[in-house]
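# Coordinates in review
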Amino acid sequence: MSTLKDQLRADLTTAMKARDQVRSSTLRMVLAAVANAEVAGKTARELSDDEVVTVLGAEAKKRREAAAAFDEGGREESAAKERAEAKVIAVYLPEQLDAAEIERIVAAAVESTGAAGEGMRAMGKVMGVVQPQVKGRADGGAVAAEVRRQLG
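Residues numbered from 1 in each chain as written. Predicted model: local features only at pLDDT ≥ 70, side-chain atom pairs only at ≥ 80, totals over all residues. Heavy atoms only, no water.

## Structural notes on helix 1 (residues 3-17)
With 15 residues, helix 1 extends 21 Å from end C-alpha to end C-alpha; this agrees with the ideal 21 Å at 1.5 Å per step. For helix 1, the full list of buried residues reads Leu 4, Lys 5, Leu 8, Asp 11, Leu 12 and Ala 15. On an axial view of helix 1, the arc spanned by its buried residues comes to 120 degrees, and they lie on one face. Exposed residues on helix 1 whose side chains face more than 90 degrees from its buried face are Thr 3, Thr 14 and Lys 17. In this fold, the buried residues of helix 1 make contact with helix 2 (21-39) and helix 3 (49-72). In the stretch just after helix 1, Arg 19 is the one whose phi turns positive, near 55 degrees. (Helix = DSSP H or I, 4+ residues; strand = E, 2+ residues; numbered from the N terminus. Expected span 1.5 Å × (residues − 1). Buried < 20%, exposed > 50% of the residue type's maximum accessible area, 1.4 Å probe, protein only. Arc of directions from axis to C-beta. Contact = heavy atoms within 4.5 Å.)

Below, the structure written as structure tokens:
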């Protein structure tokens, strides 16, 4: 049984009682995404906390991308709504790594795999070492960009 999922449900109830529209609608969407992930595939199953964090990360990324798209389109109100939803989701995610921490982790991975002289051919090897360390705590695109920078 997922304790994070239980926390999301309890917080949804609290938000509904407090009549917090943004929080309750966001938590409903997140719980729906978790439920969809649970029934995806051949058999329905209960997600672990790590899998729920993965779903939350995907939902947060959707909100960030939508906010950026709304900003480009000049729709500030919609962008603000997406950012507010992203803030609600961020409460349940592990603390995000900053660029310096990502750089340090990638440098250690490049050194440990001996990929320093191999160039871009070693990207998969380095990403394989880095991904488990940053999962849920850093955007994959930012990590890949840092690996490319250090290998190239």
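## Things to note about the environment of Arg 149
Mapped onto the elements, Arg 149 comes out in helix 7 (residues 140-151). Along the sequence, Arg 149 and Met 120 sit 29 residues apart, while their C-alpha atoms lie 9.5 Å from each other. There is a polar contact of 2.7 Å between the side chain of Arg 149 and the side chain of Glu 146. (Polar contact = N/O pair within 3.5 Å; in protein donor to acceptor, adjacent residues only side chain to side chain.)

## Concerning the packing of helix 3 against helix 4 (residues 76-90)
Following both chains from N to C, one finds helix 3 and helix 4 inclined at 160 degrees, their axes separated by 8 Å at the closest point. Comparing their axes, helix 4 and helix 3 come out roughly antiparallel. Along this stretch, helix 3 crosses helix 4, giving a crossing that reads as left-handed. Residues Leu 56, Glu 59, Ala 60, Arg 63, Ala 66, Ala 67, Phe 70 and Asp 71 of helix 3 touch helix 4, and the partners they reach there are Glu 76, Ser 78, Ala 79, Glu 82, Arg 83, Glu 85, Ala 86 and Ile 89. Residue composition of the contact of helix 3 with helix 4, grouped by class: eight nonpolar, one polar and seven charged. (Axes fitted to C-alpha atoms, helices over the stretch in contact; angles between N-to-C directions. Parallel < 35°, antiparallel > 145°, perpendicular 65-115°, else oblique. Left-handed = near helix turned anticlockwise from the far one by under 90°. Nonpolar A, V, L, I, M, F, W, Y, C, P; charged D, E, K, R; others polar.)

## Details of the domain arrangement of the protein chain
Taken domain by domain, the protein chain holds domain 1 (3-91) and domain 2 (99-151). Distance from the C-alpha centre of domain 1 to the C-alpha centre of domain 2: 28 Å. (Domains from an automatic or database assignment.)

## A closer look at unusual backbone geometry
In terms of backbone geometry, most residues other than glycine have negative phi values and most peptide bonds are trans. The backbone of Arg 19 shows a phi angle near 55 degrees, a positive value even though the residue is not glycine. Note on placement: Arg 19 falls in the loop between helix 1 and helix 2.

## Overview of the environment of Ala 108
Along the polypeptide, Ala 108 turns up in helix 5 (residues 99-113). Ala 108 sits 79 residues away from Met 29 along the chain, and the two C-alpha atoms are 38 Å apart.

## Quick word on the packing of helix 6 (residues 123-134) against helix 7
Their axes nearest at 10 Å, the elements helix 6 and helix 7 cross at an angle of 140 degrees. With respect to their mutual orientation, helix 6 and helix 7 come out oblique. In this structure, helix 6 meets helix 7 at a crossing whose hand is right-handed. Touching Met 123, Val 126, Met 127, Val 130, Gln 131 and Val 134 of helix 6 are Val 143, Ala 144, Val 147, Arg 148 and Leu 151, all from helix 7. Class assignment of the residues belonging to the contact of helix 6 with helix 7 gives a composition of nine nonpolar, one polar and one charged.

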